[in-house]
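Chain residues, written in single-letter form:
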Amino acid sequence: GPGVTFERVTKRYADGTVAVDAVSCEVTAGSFVALVGASGSGKSTLLKTVNRLIPPSDGRVLIDGVDVSEGPAWQVRRRIGYVFQNVGLFPHLSVAENIALPLRFERRSDPARVEALLDTVELPRALGGRMPAELSGGQRQRVGVARALATDPGLLLMDEPFGALDPVTRDTLGRAIARLQRKRGLTVLMVTHDMAEALLDAERVLVMEGGRIAADTTPAALMRGE
Ligand code: ADP
Ligand code: ADP
């Protein structure tokens, strides 16, 4: 997957709140980075500058050296998988249709791909025909991850992806994503308020405080108490 560079990225909301304050940072291609920190520290805002859901007020975000603000947003987003904080499945579409949605935008129709994606997130293929309301919370979350992976993006952004999950589902999904990262060189940027989660999955942990990166560290260093 591609590398991501934040160059003095600042986001000032209309009410004057500075959510992200001149953050500079390099996310190495193919790495798994967790953004941790208290609620309101700016994690989600920083993440959303990458796929242009939130344009920075100042500074730039580069993907493989190219400014994400260049060109049409769809062109940037087709290479980026995004797992929403609240999953965001379409309730009137089946599980299979939800997963295939990003493929339809690209005029690709591929039932075998949908089945492979269900396998990846360890959901039974038979669930493809169900509606989102007929799934458990954990199953819905896995469908959200499968959809984010549909176009085989090089970069995966996840906003509190394991929010409401029981520990077993959380581990399964975390391991599935870590496997993709290792096997296919997927670059993963994950927002979480849960330090334990960051320690389990990520290779590098960025701790945010008041819109800045207060610490840039690794799970090993954190566990040694550094
Ligand atoms: P986190 O993801 O760490 O919880 P956020 O990026 O959501 O943090 O928020 C960072 C700060 O920006 C918080 O103070 C939050 O209240 C504020 N904020 C977030 N979205 C908006 C918005 N649309 N308008 C004004 N302030 C916002
Ligand atoms: P989890 O522990 O993953 O949150 P649940 O206890 O919520 O699981 O659900 C267990 C099983 O019940 C799952 O296989 C799910 O598909 C099924 N299920 C949950 N809600 C519904 C529903 N509204 N209609 C049909 N099946 C459901």
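The model shown is predicted, which means the values in this text are computed figures rather than measured ones.

Draft legend 1. Representation of the sheet that holds strand β7 (residues 155–159). Sheet architecture is open: 6 strands sit in the order β6-β7-β8-β3-β9-β10, paired in mixed fashion. On the outer flanks of this sheet lie β6 (80–83) and β10 (212–217), each paired with one strand and no other. Sheet twist, expressed as the average angle between the axes of neighbouring strands with direction ignored, equals 15 degrees. Judged from the 5 bridges that link them, strand β9 (residues 204–209) and β10 form a sheet pairing that is antiparallel.

Draft legend 2. Here's a closer look at the packing of helix α5 (residues 137–148) against helix α6 (residues 167–184). Where α5 contacts α6, the axes come no closer than 10 Å and their chain directions differ by 10 degrees. Overall, the two elements α5 and α6 adopt an arrangement that is roughly parallel. Residue-level contacts link G138, Q141, R142 and V145 of α5 to T169, L173 and I177 of α6. Grouping the amino acids of the contact of α5 with α6 by side-chain chemistry returns 3 nonpolar, 3 polar and 1 charged.

Draft legend 3. Up close: the nonpolar core. Core analysis: the largest hydrophobic core is formed by 37 residues, its most contacted members being I99, L156, M158 and I177. Once you skip the residues sitting within four places of it in the chain, L156 turns out to touch G81, Y82, V83, A148, L149, I177, L186, T187, V188 and L189. Among the nonpolar cores identified, the runner-up in size contains 24 residues, and V33, L47, L157 and M208 belong to it.

Draft legend 4. The arrangement of the environment of R125 in detail. By the secondary structure assignment, R125 is in the loop between α4 (111–120) and α5. You can call R125 partly exposed: its relative accessible area is 46%. Along the sequence, R125 and V114 sit 11 residues apart, while their C-alpha atoms lie 8.6 Å from each other. Setting aside residues up to four positions removed in sequence, R125 forms contacts with E115, L118 and D119. Among the polar contacts listed, one links the side chain of R125 to the side chain of E115, at a separation of 3.2 Å.

Draft legend 5. Region of the structure containing the pairing of strand β3 (residues 32–36). Across the 5 residues of β3, 5 count as buried, placing the element largely inside the fold. Alternating residues of β3 divide into F32, A34 and V36 and V33 and L35, and every residue in both groups is buried. Judged from the 4 bridges that link them, β3 and strand β8 (residues 187–191) form a sheet pairing that is parallel. The partner of L35 across the bridge, within β8, is V191. Inspection of the sheet shows β3 paired to β9 by 4 bridges, in the parallel sense. Each residue of the ladder has a partner; that of L35, found in β9, is L206.

Draft legend 6. Main features of the site of ligand 2. In the neighbourhood of ligand 2, the contacting residues comprise R130, A133, E134, L135, S136 and Q139. In this structure, a nitrogen atom belonging to ligand 2 sits 3.2 Å away from a main-chain N or O atom of E134. Isolated, ligand 2 exposes 560 Å² of accessible area, and the fraction of that covered by the protein chains is 38%. Each residue belonging to the shell around ligand 2 can be placed in one class, and the counts come to 2 nonpolar, 2 polar and 2 charged.

Draft legend 7. Highlighting the layout of surface pockets. Estimates place the volume of the largest pocket at around 620 Å³. Every residue lining the largest pocket is counted, 20 residues in all, and those nearest its centre are R77, I80, Y82, P102 and F105. Mapped onto the lining of the largest pocket, the elements with two or more residues apiece are α2 (73–77), β6, α3 (95–105) and α5. Class assignment for the residues of the lining of the largest pocket results in 12 nonpolar, 4 polar and 4 charged. Empty space within the second largest pocket amounts to approximately 150 Å³. Residue lining of the second largest pocket: 13 residues in total, with G40, S41, G42, K43 and S44 positioned closest to the centre. It is helix α1 (residues 43–50) that provides the largest number of residues to the lining of the second largest pocket, a total of 3 residues. Each residue belonging to the lining of the second largest pocket can be placed in one class, and the counts come to 2 nonpolar, 8 polar and 3 charged.

Reading guide: rules and limits
- Every chain begins its residue count from 1, and numbering advances along the sequence as written.
- Each chain gets a letter, beginning with A, and each ligand a number, beginning with 1, in the order they are written.
- Per-residue local features of the predicted model are confined to residues with pLDDT of at least 70, and side-chain atom pairs are confined, for both listing and counting, to 80 or more; whole-chain, interface and lining totals are unaffected and use all residues.
- Each side-chain value is derived from all of the structure's non-hydrogen atoms; neither hydrogens nor water enter the calculation.
- Pairing between strands is defined by DSSP: at least two bridges between them are needed.
- Strands are runs of DSSP state E lasting at least two residues, helices are runs of H or I lasting at least four, and both sets are numbered from the N terminus onward.
- The convention used is that axes are lines fitted to C-alpha atoms, helices contributing only their stretch in contact, and that angles between N-to-C directions extend from 0 to 180 degrees.
- With respect to orientation, any angle under 35 degrees is reported as roughly parallel, any angle over 145 as roughly antiparallel, any angle of 65 to 115 as roughly perpendicular, and every other angle as oblique.
- Between two residues, a contact is recorded if the distance between any of their heavy atoms is within 4.5 Å.
- Lys, Arg, Asp and Glu make up the charged group, whereas Ala, Val, Leu, Ile, Met, Phe, Trp, Tyr, Cys and Pro make up the nonpolar group; the residues left over, Gly among them, are polar.
- Put simply, a nonpolar core is a bunch of buried Ala, Val, Leu, Ile, Met, Phe, Trp, Tyr and Cys residues held in one set by side-chain atoms that sit within 4.5 Å of each other.
- Working definition: with a 1.4 Å probe on protein chains only, accessible area under 20% of the residue-type maximum means buried, over 50% means exposed, and in between means partly exposed.
- For the purposes of these results, a polar contact is taken to be a pair of N or O atoms within 3.5 Å, where, inside protein, one atom must be able to donate a hydrogen and its partner to accept one; residues adjacent in sequence count only when each atom of the pair is a side-chain atom.
- What makes a residue near a molecule or strand is one non-hydrogen atom of that residue sitting within 4 Å of it.
- Exposure was quantified through the Shrake-Rupley algorithm and a 1.4 Å probe, taking into account, for residues, occlusion by the shown protein chains and nothing else.
- Definitions used throughout: a 1 Å grid over protein atoms alone; a cavity as a set of points that fits a 1.4 Å probe which cannot get out; a pocket as an open set with protein on both sides within 12 Å along at least five of seven lines; a lining residue as one with an atom within 4 Å of a point.
- Grid points are joined across faces, edges and corners, and a volume is the space filled by probe spheres set on the points.

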